[in-house]
Amino acid sequence: GKLRRTLRWAWRLTYLSTAGVVGYTCYIVYQDRHPEPQFAPDPSKKTLVILGTGWGSVALLKKLDTENYNVVVVSPRNYFLFTPLLPSCTTGTIEHRSIMEPVRAILRHKKAAVKFYEAEASSIDPDRKIIKVVDSSEIKGATSETEIPYDMLVIGVGAENATFGIPGVREHSCFLKEIGDAQQIRKKIMDCVETAAFKGQSPQEVDRLMHMVVVGGGPTGVEFAGELQDFFEEDIKKLVPEISDRFKVTLIEALPNVLPSFSKQLIDYTENTLREEKIDIKTKTMVKKVTDVSVEAEISRPDGSKERVTIPYGLLVWATGNAVRPIVKDLMSKIPAQKDSRRGLAVNEYLVVQGTRDIWAIGDCAVAGYAPTAQVASQEGNFLGRLFNNMAKTENHETRIQELSSRMNIQAGDSAEAAHEIESLERQLRRIKDIKPFRYSHQGSLAYIGSEKAVADVSWWNGNFATGGSMTYLFWRSAYLSMCFSTRNRVLVILDWLKSKVFGRDVSRE
Ligand code: FAD
Ligand code: NAI
């Protein structure tokens, strides 16, 4: 009897909590689909131009009270991309649209309307306070260029792929930064597999085609190598068994170990796990040249000698970190205070670009002393959102104080009431103006390493702890799910995970 009663209660609780989650999701979806009417921005307010729709800019937009400014967003990408799950799109574990959020949908939820231009900023003139933008949409056939004036400018254009000028990299390798890159890799993996399975291929050619080389042992390279090996073990092996013993993943890293930013214990765990997964890790190996069929690399031996090797490949993925975008380089060359900065726009503790007054920089294009991560970019964007809201409040308060003081001089009768309001406004102003400089709070680092294992260096309650394995993988999944931009993204990612687990990944080549 007791057991039955407990089971009945457990069933009721499960039922109620499921109904609660479903109900809440429906409520959020309804709210998303029926936003409040927006009002037009006030043309007398300052024009705030935001470049980019990545982690930094979108965090700023989320926080910003848009009714205080005329906000204009310019980006060649009309969506926000949740980069942490991009490696999963290369093999179809997740479909790419599940991690994209249209910027129009984000802007529609702001109180005052925001202008969005799908275009690329080509140059910034800090003296005339204008930016030049180029729209190269295919529909027009020709590119069109225009100018946008600004009172305040935020640069959140991110970074481009570093190639260090190594010959052949741009022509022959795939990068992993944007949706288009992930789609290209997904197509190319299957091209290699189908071509290797084609009738009459020589054994050397099959080996080359089935050799997937990843250059760069940072988190991008490691996560991609892990996803690739999973894809092969869980799907390709079953679907194309005749070439299954020829598939090989090699990860090349110039430094003595992979994941240099993680703790020693996790580096060892990662390297052991990757080796168990049969991924060949070549550390202390620097790629020097790339051709259409092979990479040439220099291996540093323990005795200090160097050996040059040629490694044939079918697919080459280049993940060696970030380089400065041309628009950022161009701006740096126009500002004398930036002449010693190499890795991006040097900013002060309020994220103002050094040597300017009305330009701020956030994320991968800014040098504020932190790593180029989504975590840093979004905290910086959030900080600027609060700063701009405060600046607008300050201005409103100051105007009101001026108004009241001049009224006090004219109409003596109102003066007691006005003096009281001025006092209260000044008190508020002191509080608003007391905004502290930006300080990054590190929540930890997470990376997927394949075969349903992940590593985590987490900072909690002033302590750090490092962990790796299958439980960390569940933590990785739930952490990234909770960080997804919208409920729609979250639902789509869960469905994709389920779909690829139950039916296998879709190997058809579009
Ligand atoms: P981005 O997010 O790159 O956005 C830049 C924006 O600027 C884009 O919208 C772009 O279209 C736009 N833009 C570019 N040029 C111009 C121009 N000329 N004019 C106007 N707009 C322009 N970090 C983590 O913390 N955790 C992770 O798990 C993680 N995983 C990652 C996985 C991958 C595969 C990659 C590539 C990166 C990952 N990162 C991760 C790093 C993280 O994505 C970046 O640090 C972050 O995107 C930086 O944000 P951002 O706003 O500076 O730039
Ligand atoms: P990275 O800069 O972290 O790593 C690039 C690696 O390539 C370096 O270890 C470097 O030694 C190696 N390299 C450079 N040139 C080479 C050559 N010629 N031959 C062989 N190896 C070479 O770059 P990554 O992984 O793209 O990451 C960029 C940023 O994004 C980092 O700040 C990273 O922390 C962040 N990120 C975070 C993720 C996470 O937290 N899970 C996932 C992906 C990126």
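Residues numbered from 1 in each chain as written. Chains lettered and ligands numbered in written order. Predicted model: local features only at pLDDT ≥ 70, side-chain atom pairs only at ≥ 80, totals over all residues. Heavy atoms only, no water.

Trainee: How do you make sense of the pattern of salt bridges when you look at a structure like this?
Mentor: Oppositely charged side chains can form a pair if their charged atoms are brought close together. For the structure shown, the criterion picks out 26 salt bridges. The residue K282 makes a salt bridge to D280 at a minimum N-O spacing of 3.2 Å. For D280, a relative accessible area of 25% gives the class partly exposed. Notably, a salt bridge pairs D496 with K499, separated by 3.8 Å at the nearest N-O pair. Placement of both D496 and K499 in helix α14 (residues 487-503) is noted, with a separation of three residues, approximately one turn of the helix. Relative accessible area serves as the criterion here: at 7%, D496 is assigned to the buried category. The exposure class assigned to K499 is partly exposed, which follows from its relative accessible area of 40%. Each of D125, R128 and E147 takes part in salt bridges that share partners, so that together they form one network. (Salt bridge = Lys/Arg side-chain N within 4 Å of Asp/Glu carboxyl O. Buried < 20%, exposed > 50% of the residue type's maximum accessible area, 1.4 Å probe, protein only. Helix = DSSP H or I, 4+ residues; strand = E, 2+ residues; numbered from the N terminus.)

Trainee: Can you help me understand empty space enclosed by the protein in this one?
Mentor: Empty pockets left among the atoms are what a rolling probe the size of a water molecule brings to light. For the coordinates displayed, the defined rule picks out one cavity of 30 Å³ or more. Within this model, the largest cavity holds a volume of roughly 40 Å³. Taken together, G363, A366, A368, Y370, A371, V376 and E380 make up the lining of the largest cavity. A breakdown of the residues in the lining of the largest cavity according to their chemical character gives five nonpolar, one polar and one charged. (1 Å grid on protein atoms, 1.4 Å probe; cavity = no way out; pocket = protein on both sides within 12 Å on 5 of 7 lines; lining within 4 Å. Points joined across faces, edges and corners; volume = space filled by probe spheres on them. Nonpolar A, V, L, I, M, F, W, Y, C, P; charged D, E, K, R; others polar.)

Trainee: Looking at this structure, I do not really get the environment of N272. What am I missing?
Mentor: Locating N272 in the fold gives a position in helix α9 (residues 264-276). N272 sits in the partly exposed class, given a relative accessible area of 43%. Expressed as a C-alpha distance, the spacing of N272 and R5, which sit 267 residues apart in the sequence, is 49 Å.

Trainee: Explanation requested: the pairing of strand β16 (residues 306-312) in the structure shown.
Mentor: Successive side chains on a regular strand alternate, one facing one side of the sheet and the next facing the other. Of the pairings in the sheet, the one linking strand β15 (residues 294-300) to β16 comprises seven bridges and is antiparallel in character. Each residue of the ladder has a partner; that of A297, found in β16, is V309. (Pairing = 2+ DSSP bridges.)

Trainee: How should α9 be read in this particular structure?
Mentor: Helix length check: α9, at 13 residues, gives a terminal C-alpha distance of 18 Å against a target of 18 Å (1.5 Å per residue), a fit within 8%. Where α9 is concerned, the buried positions are L266, I267, T270, E271, T273 and L274. For α9, the buried positions fall inside an angular range of 165 degrees around the axis, keeping them on one side. Seen from the open side of α9, the exposed residues pointing more than 90 degrees away from its buried face are K264, Q265 and E276. Those residues of α9 that are buried are in contact with α8 (219-239), β12 (248-252), β13 (279-282), β22 (444-450), β23 (453-460) and β24 (463-469). (Expected span 1.5 Å × (residues − 1). Arc of directions from axis to C-beta. Contact = heavy atoms within 4.5 Å.)

Trainee: Sorry, what's going on with the sheet that holds β13 here?
Mentor: In a beta sheet, neighbouring strands pair by backbone hydrogen bonds and run either parallel or antiparallel. Here we have four strands laid out as an open sheet, ordered β13-β12-β11-β17, and parallel in their pairing. Both outer strands of the open sheet, β13 and β17 (315-318), are each paired with one neighbouring strand and no more. Averaged over all pairs of adjacent strands, the angle between strand axes in this sheet comes to 15 degrees, irrespective of strand direction. Examined bridge by bridge, strand β11 (residues 211-215) and β12 share five bridges and lie parallel to one another. By the bridge assignment for β12, V215 is matched with I252. Lying over the sheet, α8 contacts β11, β12, β13 and β17, oriented at roughly 175 degrees with respect to β12. Its contacts with the sheet place α9 against β12 and β13, and it is angled at close to 135 degrees to β13. (Axes fitted to C-alpha atoms, helices over the stretch in contact; angles between N-to-C directions.)

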